Amino acid sequence: SGICSGYLASLRPGDKCAAFIRPSSFRMPIVSEKKSLPLVLVGPGTGLAPMRAILRERANKSGPFYSQVSSVCLYFGCQRPDHDHIYKQEMDQWHSCGALDKLEIAYSRLLENN
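Values in this document were obtained by computation on a predicted structure and should not be read as measured data.

**Observations concerning the side chain of Glu-90**
When you line up the elements, Glu-90 lands in helix α4 (residues 88-97). Apart from residues lying up to four places away in sequence, Glu-90 is in contact with Arg-52 and Arg-56.

Laid out in structure tokens, this is it:
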């Protein structure tokens, strides 16, 4: 498990945890109505929540991520496909409906059978 996940899992009922929430500073670039841009999403081990929100918006065909983005490519990594790729079904659905055009995954603990 990760550092944060391990720490949170070690807490017991009644323990206190210092935390804060920051508003997102991510904004879509301003694009003219006649033009759309490709979007490359990179998840460097910090979690997929922001990328999932963008892809859900595109799948629902609403908001700037649908109207101003021509294609979406997602790069992210996890340890093993059978254990850590917990959003595989969701990502497959986004790919089939056109919300996600390309998916590149790096598995850091995948061993080849020689």
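**Description of the pairing of strand β2 (residues 69-78)**
Bridging between strand β1 (residues 37-43) and β2 involves seven bridges; their strand directions are parallel. Its bridge partner being in β2, Leu-39 is matched across the sheet by Val-72. Here β2 runs beside strand β3 (residues 102-107); their pairing, made up of six bridges, is parallel. Directly across from Leu-74, in β3, lies its bridge partner Leu-103. In this region the chain leaves β2, passes through α4 and returns to the parallel neighbour β3; the handedness of that crossover is right-handed.

**Comments concerning the side chain of Arg-52**
Take Arg-52: it is sitting in helix α2 (residues 49-59). A distance of 2.9 Å separates polar atoms of two side chains, one belonging to Arg-52 and the other to Glu-90. Leave out the neighbours within four places in its chain, and Arg-52 touches Tyr-87, Glu-90 and Trp-94.

**Observations regarding the nonpolar core**
One finds Leu-41, Leu-55, Val-72, Leu-74, Met-91 and Leu-100 to be the most contacted residues of the largest nonpolar core, which totals 15 residues. Every element with two or more residues in this core is listed here: β1, α2, β2 and α4. With five residues, the top contributor of residues to this core is β2. Discounting chain neighbours no more than four positions away, the residues touching Val-72 are Leu-39, Leu-41, Leu-55, Arg-58, Ala-99, Leu-100, Asp-101 and Lys-102.

**A closer look at the sheet that holds β2**
The strand order across the open sheet built from three strands is β1-β2-β3, with neighbouring strands paired in parallel fashion. Each edge of the open sheet carries a strand with a single partner, namely β1 and β3. Sheet twist, expressed as the average angle between the axes of neighbouring strands with direction ignored, equals 10°.

**Side note on a nonpolar patch on the surface**
Taken together, the side chains of Val-40, Val-42 and Tyr-75 make up a nonpolar region of the molecular surface, amounting to roughly 270 Å² of accessible area. Mapped onto the elements of the fold, Tyr-75 is located in strand β2.

**Concerning the packing of α2 against α4**
Close contact between α2 and α4 brings their axes to 10 Å; oriented N to C, the two are set at 40°. Classed by the angle they form, the pair α2 and α4 counts as oblique. Of the two possible hands of crossing, α2 and α4 adopt the one that is left-handed. Facing Arg-52, Leu-55, Arg-56 and Ala-59 of α2, the residues of α4 in contact are Glu-90, Trp-94 and Cys-97. Grouping the constituent residues of the contact of α2 with α4 by class yields four nonpolar, no polar and three charged.

**Remarks on the pattern of salt bridges**
Following the criterion strictly, the structure yields five salt bridges and no others. Here Glu-90 makes a salt bridge to Arg-52, at a shortest N to O gap of 2.9 Å. In this pair, Glu-90 is assigned in helix α4 and Arg-52 in helix α2, connecting sequence segments 38 residues apart. Lys-88 is the partner of Asp-92 in a salt bridge, and the nearest nitrogen-oxygen pair spans 2.8 Å. Taken together, the residues Asp-92 and Lys-88, both in helix α4 and four residues apart, mark about one turn of the helix. When salt bridges that share partners are traced, they join Arg-52, Arg-56 and Glu-90 into one network.

So, how was this worked out
Residues numbered from 1 in each chain as written. Predicted model: local features only at pLDDT ≥ 70, side-chain atom pairs only at ≥ 80, totals over all residues. Heavy atoms only, no water. Helix = DSSP H or I, 4+ residues; strand = E, 2+ residues; numbered from the N terminus. Contact = heavy atoms within 4.5 Å. Pairing = 2+ DSSP bridges. Right-handed = clockwise from strand over helix to strand, strands pointing away. Polar contact = N/O pair within 3.5 Å; in protein donor to acceptor, adjacent residues only side chain to side chain. Core = buried A, V, L, I, M, F, W, Y, C linked by side-chain atoms within 4.5 Å. Buried < 20%, exposed > 50% of the residue type's maximum accessible area, 1.4 Å probe, protein only. Axes fitted to C-alpha atoms, helices over the stretch in contact; angles between N-to-C directions. Patch = residues over 30% accessible without salt bridge, like charges linked within 9 Å, V, L, I, M, F, W, Y side chains within 5 Å. Areas by Shrake-Rupley, 256 points an atom, 1.4 Å probe, with all protein chains shown as cover. Salt bridge = Lys/Arg side-chain N within 4 Å of Asp/Glu carboxyl O. Parallel < 35°, antiparallel > 145°, perpendicular 65-115°, else oblique. Left-handed = near helix turned anticlockwise from the far one by under 90°. Nonpolar A, V, L, I, M, F, W, Y, C, P; charged D, E, K, R; others polar.

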